[in-house]
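If you want the building blocks of each chain, they are given just below.
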Amino acid sequence: MQLDRRIKRRHFLVLMVMSLVWLGLIARLWWIQLGAPHRFSRRGIDLVKASVKQRQQSIVLHSGRGDILDRGGYAFTGVEHLALILFPLARGSMEGTDGLVRLAKITGQPSERLSRAMEQAKVPQLLRNDAGKLIELTKQQAEEINALAIPGVVALAVTERYRTEEVAKHLIGFIHKNPGMVESLYPDEWANGKMNAESTVGASGLERSFDRFLQGVEPSVLSYYVDGQGKPLRGLDIRYTKPSNQYYPLSLSTTLDVDIQRRMEAAAEQVGLREGSLIVLDAQNADIIAAVSRPAYDQTNVSGLATEWKNRAFKQLPPGSVFKTVVAAAALAEGVVSPTDRFTCSGEYGKYHFSCWKKEGHGSVTLEEAYAQSCNIAFAEVAKRVGGEKLAEYARRLGLTTEVGHATAHLFKLDGFKQLDGEESGRVFAEGVSHNDEGVLIQSAIGQRDVRITPLQAANLMVTILRGGEPAQARLVKEIAYRNGQSFYSFPEQKLAADGIDYVTASKLRKMMRKVVTDGTGQMLLNSSWQVAGKSGTAQTGSTTDAKNHLWFVGYAPLEQPRFAICVVSENQPSWGKNQALELFRRAVDELADYTARSSRPPGAYSRE
């Protein structure tokens, strides 16, 4: 009797558990089907769209994002081309027909390539050559292909966001799918379902800093609906959806010159720059005209290595003797040294293991000569006269301890808006380090120890000197425009919130920088197409057993009527062989001179536009 009760109790408990499990499954099913079909799981997956996609073969013809243009209207983010689109269902459409032969004849492509492309296609794809480049069609070819009326084969206008052969990739950046970032950046849009896990956001460059403005309307999509065997569903013909808003997406008009950008990237390739950067600014207003960063990366297939896609022109590095420009500015402005004051260099300082790069020393040199020859011993003495506090002060005055990119206090919903993604600020002394420690001070005077600046700051330093000591903000985007061309917002030229230096000191520095080229470490530039002025720098990095150098040269050209401020950094170079930075600087100047000679722009045109 008691045994029967136990058995009945166990059966009851089993039935209760099973009932609860079934109720849980029913509740879960209700939630999936009715409760949250458009916002399933933390990642916000739209189950309705996902179910449709199972029977949908589609390809994006235009991302819907706004374009990024150079100063003349060239689009870095793609140009519209007529292209052949092949859907996987085309395999069945061509069976038992001569469609493949006729298609090959029209496109001028081997039938084997077309057949292989369709056989390998798991998703709709564009016809490309063996190098991966899009095969462009003429208008007549497109019309003839569409006249064949082969299901899954169509010729339409396509705009690829990025092209493998494009330039300025580090400045433009790339987009990707990141649900966490979408939810964080666009909480309202995430909550109301306008953006979800499938939405793309800018990951770097202008794509990231201007993402809120470049986010456009729905993309243009071409779709086929198929059954389980991949055949077109009757009654559901090809669908083409595209936005019709005349105002959106917005586009960016940048300060870049695509022709100069191409020339600078070609020059970097010619000298074999593998790690480093080159940046060119307008000498009058600090607008960014071109910027190259290496190593290169592919916007269409971005790896997880941030070292590849981060812009090295905006990253801080030890500047080496380039920082002697700040030491000289402080000494001259404070009146503690004159250009003709003399110093004695025997090659050794006598303590702290501090020495000059020239082992036998430079002998008796003036400040001008010490700057031209980049004498470490002389500048250690100058730094002691200036003092650590003044050294830090003049670095601030010249914009070397702050971000110099264009900033807007309030831009619609955005406070403290910055144009440049990933820009770092510089420094002279590390936190907690004494400014008056002699050993620290003399190492800092030659741009070593804790000193860090970015190539952008270095180029902007040249602009400051050329402007008579008045710092400017480096602008990359001039205007945001509506789709119909009307202006949405214009970014004015702006001064940098730094005190700068006086005009007389700036003039003395210009004279000293010319002497670097005529009598000092930059004599390799004497045969440049233009006369130039500037300052070299070598920063030691790495371990003692594997010592490497960051090679710098920063300057401006042409000498008498400066148009361009240029900074070149070649990172992690051996201590022997050619100076890659000087070689690249010379090539950059030659290219700029040739471009100017061939261009219809009058001198100073960049500063007046």
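Keep in mind the model is a prediction, meaning the values are calculated, not measured.

**Section: the nonpolar core**
Here is step 1: Membership of the largest hydrophobic core comes to 132 residues, with the highest contact counts inside it found for Phe210, Met264, Ile279, Val280, Ile288 and Leu456.
Here is step 2: Sorting elements by how many residues they give to this core places helix H21 (residues 580-598) first, with nine residues.
Here is step 3: Aside from chain neighbours lying at most four places away, what touches Met264 is Leu278, Val280, Ala290, Val292, Ala588, Glu591 and Leu592.
Here is step 4: The next biggest cluster of nonpolar side chains, apart from the first, holds 19 residues, and it includes Leu103, Ile150, Val153 and Ala155.

**Digging into the side chain of Thr454**
Here is step 1: Considering the arrangement of structural elements, one finds Thr454 in the loop between helix H18 (438-445) and helix H19 (455-466).
Here is step 2: What makes Thr454 buried here is its relative accessible area of 0%.
Here is step 3: If we ignore the near neighbours within four places in the chain, the residues touching Thr454 are Ala313, Phe314, Lys315, Gln316, Glu424 and Trp552.

**Overview of the side chain of Thr107**
Here is step 1: Summarising the element assignment, Thr107 is placed in helix H4 (residues 99-107).
Here is step 2: Here the side chain of Thr107 touches Leu103 through a polar contact of 3.0 Å, landing on its backbone oxygen.
Here is step 3: At a separation of 3.3 Å, a polar atom in the side chain of Thr107 contacts the main-chain amide nitrogen of Gln109.
Here is step 4: Sequence-distant contacts of Thr107, defined by excluding residues within four places in its chain, comprise Leu84, Leu114, Leu137, Gln141 and Ile145.

**Focus: the sheet that holds strand S17 (residues 477-481)**
Here is step 1: Strand order in the open sheet made by the four strands is S2-S10-S17-S18, with mixed pairing throughout. At either end of the open sheet lies a strand with only one pairing partner, and these are strand S2 (68-69) and strand S18 (487-490).
Here is step 2: Where S2 meets strand S10 (residues 251-254), two bridges bridge the pair, whose relative direction is parallel. Within S10, the position partnered with Leu69 by the bridge is Ser253.

**Let's talk about the pattern of salt bridges**
Here is step 1: Counting across every chain of the model gives 34 salt bridges.
Here is step 2: Its salt-bridge partner being Glu166, residue Arg163 comes within 2.4 Å of it at the nearest N-O pair.
Here is step 3: Judged by relative accessible area, which is 7%, Glu166 ranks as buried.
Here is step 4: One network of salt bridges, with partners in common, ties together Arg65, Asp67, Arg161, Glu207 and Asp211.

**Overview of the sheet that holds strand S5 (residues 153-159)**
Here is step 1: One open sheet holds the three strands; their spatial order is S4-S3-S5, and the pairing between them is antiparallel. Looking at strand neighbours, the two that pair on one side only are strand S4 (125-126) and S5, the edges of this open sheet.
Here is step 2: Bridge count for strand S3 (residues 80-86) against S5 is seven bridges, and the pairing is antiparallel. Each residue of the ladder has a partner; that of Leu84, found in S5, is Ala155.
Here is step 3: This element, helix H6 (residues 139-147), spans S3 and S5 of the sheet and lies at about 145° to S5.

**Side note on the packing of helix H12 (residues 258-271) against H21**
Here is step 1: Between H12 and H21, whose axes approach to 9 Å, the crossing angle comes to 150°. At the point where H12 passes H21, the crossing takes the right-handed sense. Touching Asp259, Ile260, Arg263, Met264, Ala267, Ala268, Gln270 and Val271 of H12 are Gln580, Glu583, Leu584, Arg587, Ala588, Glu591, Leu592, Asp594, Tyr595 and Arg598, all from H21.
Here is step 2: Of the residues that constitute the contact of H12 with H21, the class distribution is nine nonpolar, two polar and seven charged.

**Topic: the environment of Gly173**
Here is step 1: Relative to the elements of secondary structure, Gly173 occurs in the loop between helix H7 (169-172) and strand S6 (175-177).
Here is step 2: Given a relative accessible area of 0%, Gly173 falls into the buried group.
Here is step 3: Taking the C-alpha atoms as reference points, Gly173 and Arg208, separated by 35 residues in sequence, lie 7.2 Å from one another.
Here is step 4: Once residues within four sequence positions are removed from consideration, Gly173 is found in contact with Tyr162, Ser204, Gly205, Glu207, Tyr297 and Gln299.

**Some thoughts on the layout of surface pockets**
Here is step 1: Put simply, the second largest pocket is a space of about 730 Å³.
Here is step 2: The wall of the second largest pocket is formed by 25 residues, among which Cys356, Trp357, Asn376, Thr538 and Gln540 lie closest to the centre.
Here is step 3: Only strand S19 (533-541) and strand S20 (548-557) provide two or more residues apiece to the lining of the second largest pocket.
Here is step 4: Element by element, the count of residues in the lining of the second largest pocket is highest for S19, at four residues.
Here is step 5: Of the residues assigned to the lining of the second largest pocket, the class counts are seven nonpolar, 15 polar and three charged.

**Quick notes on H4**
Here is step 1: Listing the buried residues of H4 in full gives Gly99, Leu103, Ala104, Ile106 and Thr107. Along H4, the residues classed as buried sweep out an arc of 165° about the axis, all on the same side. When the buried face of H4 is taken as reference, the exposed residues oriented beyond 90 degrees from it are Val101 and Lys105.
Here is step 2: Against the buried residues of H4 lie S3, helix H5 (111-120), H6 and S5.
Here is step 3: A positive phi of about 75° marks Gly108, the residue just after H4.

**Concerning the packing of aromatic side chains**
In this description, a pair of aromatic rings is defined by centroid distance and the angle of the planes.
Here is step 1: Overall, the coordinates contain 21 aromatic pairs when judged by the stated rule.
Here is step 2: Between the aromatic rings of Phe174 and Tyr297, the centroid separation amounts to 6.0 Å while the plane-to-plane angle is 65°, which identifies the pairing as edge-to-face. Placement of Phe174 in the loop between H7 and S6 and of Tyr297 in the loop between strand S12 (288-294) and helix H13 (306-309) is noted, with a sequence separation of 123 residues between them.
Here is step 3: On the basis of an interplanar angle of 50° and a centroid distance of 6.3 Å, the ring pair of Tyr371 and Phe379 is categorised as tilted. Just as Tyr371 is buried, Phe379 falls in that class too.
Here is step 4: Three or more aromatic residues link up through ring pairs in this structure, and these residues are Phe210, Phe213, Tyr247, Tyr248, Phe412, Phe417, Tyr482, Phe488, Tyr489 and Phe491.

Criteria and cut-off values
Residues numbered from 1 in each chain as written. Predicted model: local features only at pLDDT ≥ 70, side-chain atom pairs only at ≥ 80, totals over all residues. Heavy atoms only, no water. Core = buried A, V, L, I, M, F, W, Y, C linked by side-chain atoms within 4.5 Å. Buried < 20%, exposed > 50% of the residue type's maximum accessible area, 1.4 Å probe, protein only. Helix = DSSP H or I, 4+ residues; strand = E, 2+ residues; numbered from the N terminus. Contact = heavy atoms within 4.5 Å. Polar contact = N/O pair within 3.5 Å; in protein donor to acceptor, adjacent residues only side chain to side chain. Pairing = 2+ DSSP bridges. Salt bridge = Lys/Arg side-chain N within 4 Å of Asp/Glu carboxyl O. Axes fitted to C-alpha atoms, helices over the stretch in contact; angles between N-to-C directions. Left-handed = near helix turned anticlockwise from the far one by under 90°. Nonpolar A, V, L, I, M, F, W, Y, C, P; charged D, E, K, R; others polar. 1 Å grid on protein atoms, 1.4 Å probe; cavity = no way out; pocket = protein on both sides within 12 Å on 5 of 7 lines; lining within 4 Å. Points joined across faces, edges and corners; volume = space filled by probe spheres on them. Arc of directions from axis to C-beta. Phe/Tyr/Trp six-rings, centres within 6.5 Å; stacked < 30°, edge-to-face > 60°.

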